[in-house]
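What follows is each chain in one-letter form.
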Amino acid sequence: MAFPVSVQEDYKLAAYDGGQSVTFTAVRAANTNYAITYADDHDLSAKEIAASGGVFNIGDKRWALGNEQITVAADKPQPGDKITDASSVVWWIIDAVLDDLDVSWYCTSRKAR
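Residues numbered from 1 in each chain as written. Predicted model: local features only at pLDDT ≥ 70, side-chain atom pairs only at ≥ 80, totals over all residues. Heavy atoms only, no water.

**Student:** Help me understand the side chain of Q20, please; the structure alone is not making it clear to me.
**Tutor:** Take Q20: it is sitting in strand 1 (residues 20-26). One polar contact links the side chain of Q20 to the main-chain amide nitrogen of A86, over a distance of 2.9 Å. Leaving out residues up to four positions away in the same chain, Q20 has contacts with I36, T37, Y38, A39, D41, W63, D85 and A86. (Helix = DSSP H or I, 4+ residues; strand = E, 2+ residues; numbered from the N terminus. Polar contact = N/O pair within 3.5 Å; in protein donor to acceptor, adjacent residues only side chain to side chain. Contact = heavy atoms within 4.5 Å.)

**Student:** How should I be thinking about the nonpolar core in this particular structure?
**Tutor:** Formed by 15 residues in total, the largest nonpolar core has its most connected members in V22, F24, I36, W63, L65, I83 and C107. Breaking this core down by element, the ones donating at least two residues are strand 1, strand 2 (32-43), strand 3 (61-66), strand 5 (90-98) and strand 6 (104-111). In this structure, I83 is in contact with V22, T23, F24, W63, L65, V89, V90, W91, I93 and C107, ignoring residues within four places of it in sequence. (Core = buried A, V, L, I, M, F, W, Y, C linked by side-chain atoms within 4.5 Å. Buried < 20%, exposed > 50% of the residue type's maximum accessible area, 1.4 Å probe, protein only.)

**Student:** Help me understand the pattern of salt bridges in this model?
**Tutor:** Note that side chains of opposite charge can pair when their charged atoms are close. In the structure shown here, the tally under the stated rule is five salt bridges. The shortest N-O distance in the salt bridge between R62 and E48 comes to 2.8 Å. With R62 in strand 3 and E48 in helix 2 (residues 46-51), this pair connects stretches of sequence that are 14 residues apart. For E48, a relative accessible area of 25% translates into the label partly exposed. The network of salt bridges with common partners includes D41, D43 and K61. (Salt bridge = Lys/Arg side-chain N within 4 Å of Asp/Glu carboxyl O.)

**Student:** Looking at this structure, I do not really get the sheet that holds strand 5. What am I missing?
**Tutor:** Strands in a sheet are paired, the pairing made by backbone hydrogen bonds, and the direction either parallel or antiparallel. Around the barrel, six strands lie side by side as 1-2-3-6-5-4; this closed barrel has antiparallel pairing. Averaged over all neighbouring strand pairs, the angle between strand axes comes to 45°, with direction disregarded. When strand 3 meets strand 6, the two strands line up antiparallel, connected through six bridges. Residue pairing for strand 6: W63 is matched across the bridge by C107. (Pairing = 2+ DSSP bridges. Axes fitted to C-alpha atoms, helices over the stretch in contact; angles between N-to-C directions.)

**Student:** Which parts of the structure should I look at to understand the side chain of K76?
**Tutor:** Tracing the backbone shows K76 in the loop between strand 3 and strand 4 (82-84). Buried charged residue K76 carries no salt bridge. Nearest counter-charge: D75, at 8.7 Å. Separated by 2.4 Å, the side chain of K76 and the backbone oxygen of I70 make a polar contact. Once residues within four sequence positions are removed from consideration, K76 is found in contact with F24, R28, N67, I70, D81 and W105. (Lys, Arg positive; Asp, Glu negative; His and termini not counted.)

**Student:** What am I meant to see in unusual backbone geometry here?
**Tutor:** Even without being a glycine, N31 presents a positive backbone phi close to 55°. The exposure class of N31 is partly exposed, given its relative accessible area of 44%. Positioned with a positive phi, Y38 is a non-glycine residue whose angle comes to about 65°. Relative to the helices and strands, Y38 resides in strand 2.

**Student:** Just checking my understanding: could you explain the confidence of the model for the protein chain for this structure?
**Tutor:** Close inspection of predicted coordinates is inappropriate in any region flagged by low pLDDT. Of the residues in the protein chain, 84% reach a pLDDT of 70 or more, and the chain-wide mean stands at 88. Looking across the protein chain, the model is least confident in helix 1 (residues 5-8), with a mean pLDDT of 52, and most confident in strand 4, with 98. (pLDDT = per-residue confidence, 0-100.)

If you want it as structure tokens, here you go:
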């Protein structure tokens with residue numbers, strides 16, 4: 001389903017909520033990098049961690065990445081890919097879900113050690 005540009009670019013609203021520029025790396029695609037603007041992140045709540053049945057931990061983050069900024073369909077976020085934030089901290093994606101309107105990827109991630 002194709003939406004008008006105004007809906008497809010709703011990920012840009014994150015800029016009003018402290019969004020940042022990050023690099024998304026599709027590891028399985030020979031480490032293909034995408035510059036993502038307006039990425040929004042939040043720490044997982046205790047409720048989200050508990051509901052995961054032990055999959056998510058304290059310190060994990062959920063990122064919202066604009067779907068249209070990742071231009072190759074085969075490179076869409078999957079577990080094992082990574083996000084490098086504006087402070088050069090690397091986050092490994094452990095879960096990735098595209099929202100119902102195909103606007104944003106919600107990537108739950110864990111800080112690399």
